[in-house]
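# Topology and contacts: notes
Now for the letters of each chain:
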Amino acid sequence: MQDLAFHLLAFLFVAAFIAGFIDSIAGGGGMITIPAMLIAGIPPLQTLGTNKLQGLFGSGSATLSYARRGHVNLKEQLPMALMSAAGAVLGALLATIVPGDVLKAILPFLLIAIALYFGLKPNMGDVDQHSRVTPFVFTLTLVPLIGFYDGVFGPGTGSFFMLGFVTLAGFGVLKATAHTKFLNFGSNVGAFGVFLFFGAVLWKVGLLMGLGQFLGAQVGSRYAMAKGAKIIKPLLVIVSIALAIRLLADPTHPLRIWLGH
């Protein structure tokens, strides 16, 4: 399986670079890498496991880039990242027995709601606002919940973290993006550990795509820091809507099956 043709490996590298760029700014990189691996002929379980491996490089690269510029304090944020990882471990373990149809059915509408929120809220910028919950409550509730979702299913995790940081923690858009990447790195680590245990990781493909992710995330995070909310907001809206459309266009989407299409 790992001996893919050169043109397929090149295709996966480019897909990972683009995903790393987009993911470091607005999340949603999985909507590029997962279909790309399936197109290359990689089985679904190995696709999920390998996606977590290459995703580590993208989220890790973006996290380091944001931390170097002072947009996230890794030491202060570590408890949240650990809670995100713990939630993802449980999610990945339960992925085989938790019925995912309802989750898959409502996800496109949640993503459209996020797009509308970020698109229509006029005063959203890079300045922090008043927080609605304490960091302690945020860490113990929303963070492991979204981490759990990332382990079970995954697409849109970055958008959900962004929404939480902006609406509940009161973060500005750039600060929220920086913190989202670290928590996404945590959930990737947790889920990756589970997939690794079950032998569902293709190392050659994952490391090659990881290099693409790392480079793409370096370019993307630098671009986001230079442009701030001006680029993050519209890209988040576009990515959320594109992911919703992509999910609804899938013939295996529960809604399409229930409606008989």
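Residues numbered from 1 in each chain as written. Predicted model: local features only at pLDDT ≥ 70, side-chain atom pairs only at ≥ 80, totals over all residues. Heavy atoms only, no water.

### Considerations on the overall build of the protein
As a reminder of what qualifies: Note on conventions: DSSP H or I runs of at least 4 residues are helices, E runs of at least 2 residues are strands, and numbering of each starts at the N terminus. Think of it in three bands: residues with accessible area under 20% of the maximum for their type are buried, residues over 50% are exposed, and the middle band is partly exposed, with areas taken using a 1.4 Å probe on protein chains only. Here, residues are in contact when the closest pair of their heavy atoms is within 4.5 Å. Calculation of accessible area relied on Shrake-Rupley with a 1.4 Å probe; when residues are assessed, cover is drawn exclusively from the protein chains displayed. Counting rule for charge: Lys and Arg are taken as positive, Asp and Glu as negative, and neither His nor the chain ends is counted. Each charge is placed at NZ for Lys, CZ for Arg, CG for Asp and CD for Glu.
In terms of regular secondary structure, the protein is built from twelve helices and zero strands. If you list the helices and strands of the protein from N to C, you get α-α-α-α-α-α-α-α-α-α-α-α. Oriented by its inertia axes, the alpha-carbon framework of the protein measures out at about 50 × 45 × 30 Å. Across the 261 residues of the protein, 51% fall into the buried class. Once local pairs closer than 6 in sequence are excluded, the contacts in the protein between residues at least 24 apart make up 82%. Split by element, the accessible area of the protein, about 11800 Å² in all, is 73% carbon and sulfur. Across the protein, the mean location of the 16 positive side-chain charges is 7 Å away from that of the 8 negative side-chain charges.

### Considerations on helix 3 (residues 44–68)
Going by this rule: An expected span of 1.5 Å times one less than the residue number is assigned to each helix. Bend, at a single residue, is the angle you get between axes fitted to the 7 residues ending at that residue and the 7 residues starting at it.
In this model helix 3 runs 36 Å from its N-terminal to its C-terminal C-alpha over 25 residues, within 8% of the 36 Å that 1.5 Å per residue would give. When the local axis directions of helix 3 are compared, the greatest deviation, roughly 25°, occurs at G55. One or two residues past the end of helix 3 sits G70, with phi positive at roughly 80°.

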